[in-house]
Amino acid sequence: MPAQKAKLTAYSPVRHLKGVGPQLEKRLAKLNIFTLQDLIFHFPHRYQNRTQPTPLHSLLINEEQLTTGVVSAVRTHTHKQGRTITTITIQDGAHTLSILLFNAPRQQLQRYTTGTHLLCFGTTKLFDQQLKMTHPDIELSQNGAFDLPQQLTPIYPTTQGLHQKIIQKLIRALLSLYESGECEFDLLPKALYQQFDMHPLLECLNNIHFPPANKEISHFRQQVALEELLTHYLNIFELRKKREQALAPPFDPNATLHKQLINRLPFQLTDGQAKALDEICNDLFSATVPMFRLVQGDVGCGKTIIAALTALLALESGYQVALLAPTEILAHQHFETFNDWFKPFKEISVHLLLGKTPKKTRKALIENLASDTQQIVIGTHALYQHDIPFNKLGLVIIDEQHRFGVEQRQALLQKCKTTGFTPHQLILTATPIPRTLAMTLFDCMDCSTIETLPTSRKTISTAVLPNTRRDQLIDRIQQACDQEQQVFWVCPNIEAHPNSDHPHASAHKAHEAGKEEKPRASVEEIHTHLSEKILHHNITVVHGKMSSEEKQQAMEQFQSGASSILVATTVIEVGVNIPKASIMVIENAELFGLAQLHQLRGRVGRGSKESYCLLLYTPPLSTIGHERLETIRNSHNGFDIAEQDLNLRGSGELLGTEQAGITRFKIANIHQDRQLLRSAKEVAHWLLKQGVDSLHYKLSQRWLHSPVNDQLS
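Reading the values: rules and limits
- Residues numbered from 1 in each chain as written.
- Predicted model: local features only at pLDDT ≥ 70, side-chain atom pairs only at ≥ 80, totals over all residues.
- Heavy atoms only, no water.
- Helix = DSSP H or I, 4+ residues; strand = E, 2+ residues; numbered from the N terminus.
- Buried < 20%, exposed > 50% of the residue type's maximum accessible area, 1.4 Å probe, protein only.
- Contact = heavy atoms within 4.5 Å.
- Areas by Shrake-Rupley, 256 points an atom, 1.4 Å probe, with all protein chains shown as cover.
- Pairing = 2+ DSSP bridges.
- Axes fitted to C-alpha atoms, helices over the stretch in contact; angles between N-to-C directions.
- Parallel < 35°, antiparallel > 145°, perpendicular 65-115°, else oblique.
- Left-handed = near helix turned anticlockwise from the far one by under 90°.
- Right-handed = clockwise from strand over helix to strand, strands pointing away.

Some points on the overall build of the protein chain
Of regular secondary structure, the protein chain possesses 25 helices and 21 strands. The buried share of the protein chain, reckoned over its 713 residues, is 51%. Relative to all contacts within the protein chain whose residues are 6 or more apart in sequence, the contacts with residues 24 or more apart total 75%. Within the structure as shown, the protein chain displays about 34200 Å² of accessible surface, and the carbon and sulfur contribution to it stands at 48%.

Structure, rendered in structure tokens:
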């Protein structure tokens, strides 16, 4: 008895589709198409209209068009460079068009006889007052009858060796498969489509991939985005439900240590800081469910002191605190800052736990954590390792949460199981989130925004310069160092271009090789170049390939003033506080996002001296690159900059493509689809009333998870 054919699902490998062999599967993988679902959501980036020919007299210059005519002449000649050029003249009444073919095979040319009707699709150019098309798509007919498509022709993102017609054929076959019912696709109930005047997803996809001519398709794309957004909201509601079922660690409303620290501070809290602290206190003292609060604000707005004051509330209430930092440099800085602030409180101990922490120190800390309570442990990924116990964890503070995956954060929260409580969470971010994006990313959190900066923060003068003026800038840097100023010099790359010994060398090599990609300045090149030019000042480097000890030693040298210039990658982007540093130089600034440039700029302007940020770019600068750098030059408001970054780059890249834990949308674009957020939330509420447990799972599989690895294993 023959084996029964396995039923296809959306997550079936694309090789299960008829016509997809090993080679085609590899090419599709280059487009991140691994499953049938990946293929159906591989949308066209533009369309060609081949549904109706344009008469020769109506052709537009520099436009892709379909036209037709009768062959009136065929001429072939050999160019002086050895190329054979064939000119086929077609006419429509008194109007003519020249078709140019280079090195066309003789067998092909024999088909273009006088009187044959040609259907051509290509871009019309004007040369010597004559209309011409070079190598258009051509069909032939003896009687002028052509089988024209009824829909627009989709043009997809593709890769080498993968022709448009192959992608079109595969997607047509897959749509037919879904329409036949052999593979489940439309998940939402029919009643929902009627209730909210929505189209089934399959209908939307048909219209997106192969739309009828002159039909508006943006509505169908929005319908697909709506399903993705509604899935996101269902997930948020599920998280809220779980959170509301959890028990919060009770905090002492009569706590006073935080007030004592406020009175000892050499500065006053801003109105924004005071408001954020009040909101946190209200969460901790009155709520029965764990706090889940985001504190966001511009660079230097003073979020760290809010974290310290919140930690004191937990510590005085008899709970332990874990502070998770994204880098060892920032963890060290928090450790020193908290140690300084908490010195008057002898009953509180501050610990640092890193991957490099010696075994003996680590063992002693583990023993203390299992017994003592009034402790705050500051660290990086080492904090959520399974062998790190907490006796009474009551508060988790996460600095720059988008740099940690959901699983990592959950692993830390699970360390409170012995008490029966779920720790309160305080999330800090120095990357202001545009309000349109925050509506979706953080709808499951309470949010405190610190809009005001401390009066001590200096306005940073920002200038945009081509890197051809680097040596002039170095002379200015030399003078600044002579006046005991310190300088950050940030590069996008660590290592120099092979065999290059000068910052301009890689630019020259890239040009000689004919590469389109712009050269990138490296820490190695810039350090060497500065060392040759600036002879009387120490220059140190920091980058991700250095060991923890090397990085810490370099930072200590810079912080103490032993070195005047720190050449670094973006490892110093977040949280680094060097008050004496007053100049920030950023190489290849056009390669960075606005939010990242604003973060880097925020490393200076923390002391008493006037501060400067100098953005170096590699000419020529693209239109978007120019707009991006002008935005950062003219604006110092992190929220405005983040909104502009969202407009320029989209929500997917705003917080970095390699950062874990950020909501990454497949179809939806928060900037373009912001008007859909309210509708998606309304639809999600309606579905919840109907009871959608199994539906929620299926939608989550489609939009929030990627079962690719399971399918390919």
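Observations concerning the sheet that holds strand E20 (residues 581-586)
Sheets are built from strands that pair by backbone hydrogen bonding, the pairs being arranged parallel or antiparallel. The strand order across the open sheet formed by six strands is E16-E21-E20-E17-E19-E18, and the pairing between neighbours is parallel. Since the sheet does not close on itself, it has two edges, and those belong to strand E16 (460-466) and strand E18 (539-542), each with one partner. Neighbour to neighbour, the strand axes of the sheet diverge by 20° on average, direction disregarded. As paired strands, strand E17 (residues 486-490) and E20 are joined by five bridges and run parallel to one another. The residue bridging Val490 from the neighbouring strand is Ile586, located in E20. With respect to the sheet, helix H15 (residues 470-482) is in contact with E16, E17, strand E19 (565-568), E20 and strand E21 (611-617), its orientation differing from that of E17 by roughly 150°.

Structural notes on the packing of H15 against helix H17 (residues 523-533)
A packed helix pair is summarised by two numbers, namely the angle formed by the two axes and the spacing between the axes. One way to put it is that H15 packs onto H17 with a least axis distance of 11 Å and a crossing angle of 60°. Taken together, the axes of H15 and H17 lie oblique to each other. The handedness of the crossing between H15 and H17 comes out as right-handed. In this structure, H15 uses Arg470, Asp471, Ile474 and Gln478 to contact H17, whose residues at the interface are Ile526, His529, Leu530 and Lys533.

Topic: the pairing of E21
Of all seven residues that make up E21, six are buried, and the element is covered over most of its length. Sheet topology places E16 next to E21; seven bridges connect them, and they run parallel. Bridge pairing links Thr462 to Cys613 in E21. Crossover handedness for the path E20 to helix H19 (residues 594-601) to E21: right-handed.

Honestly, that's just the spatial picture; any functional story needs more than this.
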